[in-house]
Amino acid sequence: MHPINERQDVTGVDDIAPNSLARPRVSAAQVARAAGVSTATVSYVMNGRGGVSAQTRSHVLDVAQQLGHTSSVRADQLRAQRTRVIGLVLTDIANPFYAEIAAGAIDAARARGYEVFVSHTQEDSDTLRSITEAMITRQVDGVVLTVLHPDDGDVIRALRSAHIPFVQLSRRIDSIAGDFVGIDDFTAAAQMMEHVVEHGYTDIVTITGPRTSSASAGREAGFVSVTDRHGLRGVGGRGITTYLSEAGGAQAVQQLLSSKVLPRALVCGSDVIALGVISALRSNNIRVPQDVAVTGFDGLFPGASSLVELTTVRQPRRELAEQALELLVRRIDGVGGSFQSVLRAHELRIGVTCGCTRKGS
């Protein structure tokens, strides 16, 4: 086991809703002076009107909250206007990783009095934009996103323009200030590759999800960092990217077979890819791990371990979803503070697909 559990505050701009105000004792003019803005700007913020940037709005609200200026009547009105619905945008709900994220998010949301509007994009940016527009139109109170690619900044801008807080889960856009919940993908992947290299394998190919996913890119970088360190750079560079599905894993194997090059080990960036890899290998009478070792990532199938016994990295999926909901609801309530990057613990789960023997064998 290699636990990583780090909670890190990152200074940024809070998307705090106006409903964070209470106890009307301090005047708007006092707030304006302390915040360095005009009284008109304070009025716009207090009344939820447009024409104020997200950064200025957050700054004014922070100052007002610190000074004790609130409008309980306005806060009650805003609370009454809430839809009590949270948006959850997944990559592909057919992937068990995202299905469990959805279940964890729904349970955590209901415990806090919210329902969840769930959708998935299947890695399509146009679909993501359409879903985001629908969620804004339906006035969701906040959004959890698991799908972001580096060129999806317009989606974040749309949410901020609508004053809808969001949390990034598993994937993130590094250049955007915002809350994030995930694991240390780089470190987890490096630990997995170290385990594979310890078996003595030198002919290794990685199969990961799209590099536009920060999670997949982090895992690939972690894998390659180890092969580089062991002088296997040429081998580590032979990486395949594919869709995050069993079909994607099977296609990667067919690609290798058609090139008549089959490595001794296939290190996969997700469990669903690994299962597709194993299925395709077995259908071609290639034994796992005797002929080709295979590892996964995510820890999706503990119940199937007696059949698959996949060596993988376990992510605490429900805990990740619960953490994301906690951060999001704090944003909705206006008490989020500075943006946070929360990394939860992961662990290696050693099966037999890597070449290890069963305990007791």
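Up top is the structure these notes are about.
Because the structure is predicted, anything quoted here is derived from the model rather than measured.

A.B. asks: Honestly, helix α6 (residues 125-137) in this entry has me stumped. Any pointers?
C.D. replies: Each α-helix turn comprises 3.6 residues. Residues three or four places apart therefore point the same way. Taking 1.5 Å of rise per residue, the 13 residues of α6 would be expected to cover 18 Å, and the 18 Å separating its terminal C-alpha atoms lies within 8% of that figure. Sitting at the head of α6, Asp124 places a side-chain oxygen 3.3 Å from the backbone nitrogen of Asp126. Positioned one or two residues after α6, Gln139 has a phi angle of 60°, which is positive.

A.B. asks: Could you clarify how one ought to interpret the sheet that holds strand β8 (residues 239-241) in this entry?
C.D. replies: Two orientations exist for strands paired in a sheet by backbone hydrogen bonds: parallel and antiparallel. Strand order in this open sheet of 4 strands is β8-β7-β9-β10, and the pairing throughout is parallel. Of all strands in the sheet, those with a lone pairing partner are β8 and β10 (293-295), marking the two edges. Across the sheet, the axes of successive neighbouring strands diverge by a mean angle of 15°, strand direction being ignored. Along the sheet, helix α11 (residues 246-258) makes contact with β7 (204-208), β8 and β9 (265-268), crossing β8 at roughly 135°.

A.B. asks: Please explain the pattern of salt bridges as it appears in this structure.
C.D. replies: As a working rule, side chains carrying opposite charge can pair if their charged atoms are close by. Counted by the stated rule, this structure contains 13 salt bridges. A salt bridge links Glu194 to Arg229, with the shortest nitrogen-to-oxygen separation between them at 2.3 Å. Placement of Glu194 in helix α8 (residues 185-198) and of Arg229 in helix α9 (residues 214-229) is noted, with a sequence separation of 35 residues between them. For Glu194, a relative accessible area of 21% translates into the label partly exposed. The partner of Arg211 in a salt bridge is Glu220, and the shortest N-O contact between them spans 2.7 Å. Note on Glu220: relative accessible area 13%, which makes it buried.

A.B. asks: Help me out: how do you make sense of the side chain of Arg317 in this one?
C.D. replies: Tracing the chain through its elements places Arg317 in helix α13 (residues 317-333). Take Arg317: its relative accessible area is 7%, and that puts it in the buried class. One polar contact links Arg317 to Glu100, side chain to side chain, over a distance of 2.8 Å. One polar contact links the side chain of Arg317 to the main-chain carbonyl oxygen of Gly299, over a distance of 3.1 Å. If sequence neighbours within four positions are ignored, Arg317 has contacts with Phe97, Glu100, Ile101, Asp298, Gly299 and Leu300.

A.B. asks: What exactly am I supposed to notice about the packing of helix α5 (residues 96-111) against α13 here?
C.D. replies: Helix packing for two helices is described by the angle between their axes and how far apart those axes are. Running from N to C, α5 and α13 cross one another at 45°; their axes reach a closest spacing of 8 Å. On the basis of their axis angle, the class for α5 and α13 is oblique. Crossing hand, α5 versus α13: right-handed. For the pair α5 and α13, the contacting residues are Phe97, Glu100, Ile101, Ala103, Gly104, Ala105, Asp107, Ala108 and Ala109 in the first and Arg317, Arg318, Leu320, Ala321, Glu322 and Leu325 in the second. In terms of residue class, the contact of α5 with α13 is made up of 9 nonpolar, 1 polar and 5 charged.

A.B. asks: I tried to follow the environment of Val272 on my own but got confused; where do I start?
C.D. replies: Tracing the backbone through its elements, the reader meets Val272 in helix α12 (residues 271-283). Between the C-alpha atoms of Val272 and Phe301, which are 29 residues apart in sequence, the distance is 9.5 Å. Every residue in contact with Val272, bar those within four places of it in the chain, is listed here: Asn95, Pro96, Leu244, Ser245, Glu246, Leu300 and Phe301.

A.B. asks: How do you make sense of the environment of Leu232 when you look at a structure like this?
C.D. replies: Locating Leu232 in the fold gives a position in the loop between α9 and α10 (233-236). Classification of Leu232 as buried rests on a relative accessible area of 13%. Spatially, the C-alpha atom of Leu232 lies 8.6 Å from that of Ile204, the residues being 28 residues apart in sequence. Not counting residues up to four positions away in its chain, the partners in contact with Leu232 are Val197, Tyr201, Thr202, Ile204 and Thr227.

A.B. asks: Where do I start with the pairing of strand β4 (residues 142-145) in this structure?
C.D. replies: Side-chain direction in a regular strand flips from residue to residue, so the side chains alternate between the two faces of the sheet. Here β4 shows two buried faces, one formed by Gly142 and Val144 and the other by Val143 and Leu145. As defined by bridge partners, β4 adjoins strand β5 (residues 166-169) across 3 bridges and the pair is classed as parallel. Looking across to β5, one finds that Val144 is bridged to Val167. Viewed along the sheet, the connection from β4 through helix α7 (residues 153-161) into β5 turns out right-handed.

The rules behind the values
- Residues numbered from 1 in each chain as written.
- Predicted model: local features only at pLDDT ≥ 70, side-chain atom pairs only at ≥ 80, totals over all residues.
- Heavy atoms only, no water.
- Helix = DSSP H or I, 4+ residues; strand = E, 2+ residues; numbered from the N terminus.
- Expected span 1.5 Å × (residues − 1).
- Polar contact = N/O pair within 3.5 Å; in protein donor to acceptor, adjacent residues only side chain to side chain.
- Pairing = 2+ DSSP bridges.
- Axes fitted to C-alpha atoms, helices over the stretch in contact; angles between N-to-C directions.
- Contact = heavy atoms within 4.5 Å.
- Salt bridge = Lys/Arg side-chain N within 4 Å of Asp/Glu carboxyl O.
- Buried < 20%, exposed > 50% of the residue type's maximum accessible area, 1.4 Å probe, protein only.
- Parallel < 35°, antiparallel > 145°, perpendicular 65-115°, else oblique.
- Left-handed = near helix turned anticlockwise from the far one by under 90°.
- Nonpolar A, V, L, I, M, F, W, Y, C, P; charged D, E, K, R; others polar.
- Right-handed = clockwise from strand over helix to strand, strands pointing away.

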